[in-house]
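This is what each chain is made of:
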Amino acid sequence: MSLQIFTIPSHGLAQVWFSKRISCKTRLSRVLATSPSSTLLHMDESNNNLPKSIKGFDSRGSLNSLYADSMLRQASTVGIIGGISTDSTLNFVRKLEDWSSKDGESSLPVVLCSDPKLKKELLLYEENSYPSLYHRVKRTPADQNQIVENLRNKRRSLERCGAKLILMPCHIAHTWYDEVCEGSSVPMLHMGDCIVKELEEAKMKPLEAGNPLRVGVMASSATLSAGFYQERLQNNGFEAVLPDKATMEHTVIPAIEAMKRDDMEGARNLLRIALQVLLVQAVNVVVLGSDEMRELLPGDDPLLKKCADPMDALARSAIKWAESLC
């Protein structure tokens, strides 16, 4: 798969497409396989106004030609706001491509907006939720107003590019979902709504008769504190079960510490213990609201059969939305 990119450093656009022959052996090519019509916008939010010309490249003219592209005029174009992890975002795009493919060709036009500054802001916010992990380093508090405005600007950019549906494949970004989608001219899917809908459609029965169906939630401290998974579960008749203080202190946080020092086997074993602690509480399934934790478990791990991935639910919901337009 050969990769060609046209980019304007710091300010602009990168249009990405791949040929059918695989010739690029970089990590990116293995993770992301976009359709010939997919586009990636790499943006620096420090300047919303693109320069008129950079090194002879007319960015405004190129932007206009991008808007005029037939792909961006399609009713099923999906806009994606990249999150903390580039790998996670690209894996999500790959799932959209693979799961929406018909006869080997993707049927879902995608526009991806990625901003390193936003990634840093989100990462800082998440890291600040674990003061015990980063107490040795003096850290600047994350500016939530700045994060919200940055996310809004990404949403507006995607709308201008012709996106008819906006997705945020990033758990922590959903902390500000209501603020970000305010004033949006197109719908935005919430991962919490998507996973709850799939749990309802599964029609599971409670493990304890007479009690509501219990659903565990395993995620980072920041995501658990935001509470959007618990709120949506409870609003739809489920009982949300969270890791208790002892589990967080003795398994979840140590698992994150292990990941930070690249002890993946230790982190994996600790995560398994934390999941089992939830499952023994008559929990039918655990919502795994962390990509880092999800990536720890191999695909054939038996515990994954007891977990539900909101990111996968978001991808499936977007594909169903596109299919409903046909």
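With an unreviewed UniProt entry as reference, the protein is termed Aspartate racemase, source organism Brassica cretica.

Caption draft 1: Up close: the pattern of salt bridges. If you walk through the whole model with that rule in mind, you get 14 salt bridges. Between Arg152 and Glu182 there is a salt bridge; the shortest N-O distance is 3.7 Å. A residue pair is termed long-range when its members are at least 10 positions apart, and Arg152 in helix H5 (residues 144–160) and Glu182 in the loop between helix H6 (177–181) and helix H7 (191–202) qualify at 30 residues. Arg268 is the salt-bridge partner of Glu265, the closest N and O atoms lying 2.7 Å from each other. Taken together, the residues Glu265 and Arg268, both in helix H11 (residues 264–279) and 3 residues apart, mark about one turn of the helix.

Caption draft 2: Seen up close, the confidence of the model for the protein. Here the protein shows a mean pLDDT of 79. Residues at 70 or above account for 74%. Contacts for the low-pLDDT stretch residues 44–61, under 50 throughout, to residues beyond four places or in other chains number 28 contacts.

Caption draft 3: Quick peek at the sheet that holds strand E9 (residues 214–219). Here 4 strands make up an open sheet; going across it, the order is E10-E9-E11-E12 and the pairing parallel. Two strands in the sheet have a free side with no partner beyond their single neighbour: strand E10 (239–241) and strand E12 (307–308). Alignment of E9 against strand E11 (residues 285–289), held across 5 bridges, turns out to be parallel. Bridged to Met218 within E11 is Leu288.

Caption draft 4: Representation of helix H3 (residues 86–99) within the structure. For H3, spanning 14 residues, the distance from its first C-alpha to its last is 20 Å, which sits close to the expected 20 Å at 1.5 Å a residue. One side-chain oxygen of the residue at the start of H3 lies 3.4 Å from the amide nitrogen of Asp87, identifying that residue as Ser85.

Basis of the calculations
Sequence positions are assigned chain by chain, starting from 1 and proceeding in written order. At least 70 in pLDDT is required for a residue's local features to be given in this predicted model, at least 80 for side-chain atom pairs to be given and counted, and no such filter applies to totals for whole chains, interfaces and linings, which use all residues. Hydrogens and water molecules were not included; the side-chain quantities draw on all heavy atoms of the structure. Salt bridges are identified by distance alone: a Lys or Arg side-chain nitrogen within 4 Å of an Asp or Glu carboxyl oxygen. Under the DSSP-based scheme used, a helix requires at least four consecutive residues in state H or I and a strand at least two consecutive residues in state E, with every element numbered from the N terminus. You can read pLDDT as the predictor saying how much it trusts each residue, on a scale of 0 to 100. Only heavy atoms enter the contact rule, under which two residues are in contact if any of them lie within 4.5 Å. A pair of strands counts as paired when DSSP detects no fewer than two bridges linking them. An expected span of 1.5 Å times one less than the residue number is assigned to each helix. N or O atoms within 3.5 Å of each other form a polar contact, as long as, within protein, one can give a hydrogen and the other can take it, and as long as residues adjacent in sequence are counted only when both atoms are side-chain atoms.

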